[in-house]
Amino acid sequence: MVNIELEVEVSMTEEEKAAVDRITEVLEKVAEVEKLPAVSVSITLVDNERIQEINREHRQKDTVTDVLSFPLFHDRSEWVQEDWEDSIQLGDIILALPRAKEQALEYEHSLLREVSFLVVHGFLHLLGYDHETKEEEKEMFSIQEEVLLQLGITR
């Protein structure tokens, strides 16, 4: 089970709302594939200016990006569930909805595909996955594709 706290800081079109409405289903599929216990994540949808600001503040990169993840733990061995919590808090995902829309057009696939891909990508970072090496990238991207394929969210 994935508990999602969703904060929307941008206005959304119907197409964007439809893509965002699938986030829970997408993350539930990741949880199933990864055999996760009950977890919680915070997702904030922002505009390009806000994600650039966050990227500059936290990563010293003064550029617009599509998704940022802020994990509470480096890997699963560190996961802690407090007595009063019904799930393990994993961290935060910040997604730039306008950037996702730009990339969907650029890659010539649906906004649903792009938002789903970015949310899975951000979530996998919260789980400890990374793509610093070719091996890590291959592993992470193969999980992303498997999840989206199982959901029928293809290019």
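Definitions and cut-offs
- Residue positions are counted from 1 within each chain, in the order its sequence is given.
- Under the rules for a predicted model, residues below a pLDDT of 70 receive no local features and side-chain atom pairs below 80 are neither given nor counted, while totals for whole chains, interfaces and linings still include all residues.
- Here the side-chain values reflect all heavy atoms present in the structure, with hydrogen atoms and water set aside.
- Each helix is a run of DSSP H or I of at least 4 residues and each strand a run of E of at least 2, with the numbering of both proceeding from the N terminus.
- Put simply, the radius of gyration uses C-alpha atoms, and a globule should come to 2.2 Å times the residue count raised to 0.38.
- Throughout this description, buried means an accessible area under 20% of the type-specific maximum (1.4 Å probe, protein chains only), exposed means over 50%, and partly exposed covers the range between.
- What sets the accessible areas is the Shrake-Rupley method with a 1.4 Å probe; for residues, cover comes only from the shown protein chains.
- Only four residue types enter the charge count: Lys and Arg as positive, Asp and Glu as negative, with His and the chain ends excluded.
- To locate a charge, take NZ of a lysine, CZ of an arginine, CG of an aspartate or CD of a glutamate.
- Residues are treated as being in contact if the distance between any of their heavy atoms lies within 4.5 Å.
- Given the number of residues in a helix, its expected span is that number minus one, multiplied by 1.5 Å.
- Taking the helix axis as origin, the arc is that swept by the directions to the C-beta atoms.
- To form a nonpolar core, buried Ala, Val, Leu, Ile, Met, Phe, Trp, Tyr and Cys residues must be joined to one another through side-chain atoms within 4.5 Å.
- Basic side-chain nitrogens of Lys or Arg form a salt bridge, by our definition, when they fall within 4 Å of a carboxyl oxygen of Asp or Glu.

(A) Spatial organisation of the overall build of the protein chain. Within the protein chain, the secondary structure is distributed over 6 helices and 4 strands. Ordering the α and β elements of the protein chain from the N terminus gives β-α-α-β-α-β-β-α-α-α. Against the compact-globule benchmark of 15 Å for 155 residues, the protein chain has a radius of gyration of 15 Å, which places it among compact chains. Summarising its shape, the C-alpha atoms of the protein chain cover approximately 40 × 35 × 35 Å along the three principal directions. Across the 155 residues in the protein chain, those meeting the buried criterion constitute 46%. Surface accessibility of the protein chain: about 8,400 Å² in total, with carbon and sulfur atoms responsible for 47%. Side-chain charges in the protein chain split into 15 positive and 36 negative, and the spacing between the mean points of these groups amounts to 6 Å.

(B) How the structure looks around the environment of Pro 98. Along the polypeptide, Pro 98 turns up in helix 4 (residues 97-107). On the accessibility criterion, Pro 98 (28% relative accessible area) is partly exposed. Counting along the chain gives 20 residues from Pro 98 to Leu 118, while the straight-line C-alpha distance between them is 13 Å. Leaving out residues up to four positions away in the same chain, Pro 98 has contacts with Val 46, Asp 47 and Asn 48.

(C) Quick look at helix 6 (residues 134-150). If you check helix 6, its first and last C-alpha atoms are 24 Å apart, about what 17 residues at 1.5 Å a residue would give, namely 24 Å. Among the residues of helix 6, those classed as buried are Met 140, Ile 143, Gln 144, Val 147 and Leu 148. Considered in projection along helix 6, the buried side chains sweep an arc of 125° and stay on one side of the axis. In helix 6, the exposed residues that point more than 90 degrees away from the buried face are Lys 134, Glu 135, Lys 138 and Leu 149.

(D) Spotlight on the nonpolar core. Ranked by size, the top nonpolar core spans 42 residues in total, and within it Phe 123 and Leu 127 carry the most contacts. Taken together, the elements giving at least two residues each to this core come down to helix 1 (14-20), helix 2 (23-34), strand 2 (39-46), strand 4 (88-96), helix 4, helix 5 (111-126) and helix 6. When residues of this core are assigned to their parent elements, the largest contribution, 9 residues, is made by helix 5. Each residue touching Phe 123, except ones within four places of it in the same chain, is listed here: Val 2, Leu 27, Val 30, Leu 36, Val 39, Val 41, Leu 90 and Ile 93. Counting 6 residues, the second largest nonpolar core, distinct from the first, contains Val 46, Ile 51, Ile 54 and Ile 94.

(E) Structural context of the pattern of salt bridges. Going through the model one piece at a time under the given rule, you end up with 9 salt bridges. For Lys 29, the salt bridge is made with Glu 32, and the minimal N-O distance between the two is 3.2 Å. Placement of both Lys 29 and Glu 32 in helix 2 is noted, with a separation of 3 residues, approximately one turn of the helix. On the basis of relative accessibility, which here comes to 15%, the residue Lys 29 falls in the buried class. Put simply, Arg 76 and Glu 34 hold a salt bridge, and the shortest N to O gap is 2.3 Å. Of this pair, Arg 76 sits in the loop between strand 3 (67-71) and strand 4 while Glu 34 sits in helix 2, placing them 42 residues apart in sequence. A relative accessible area of 13% places Glu 34 in the buried class.

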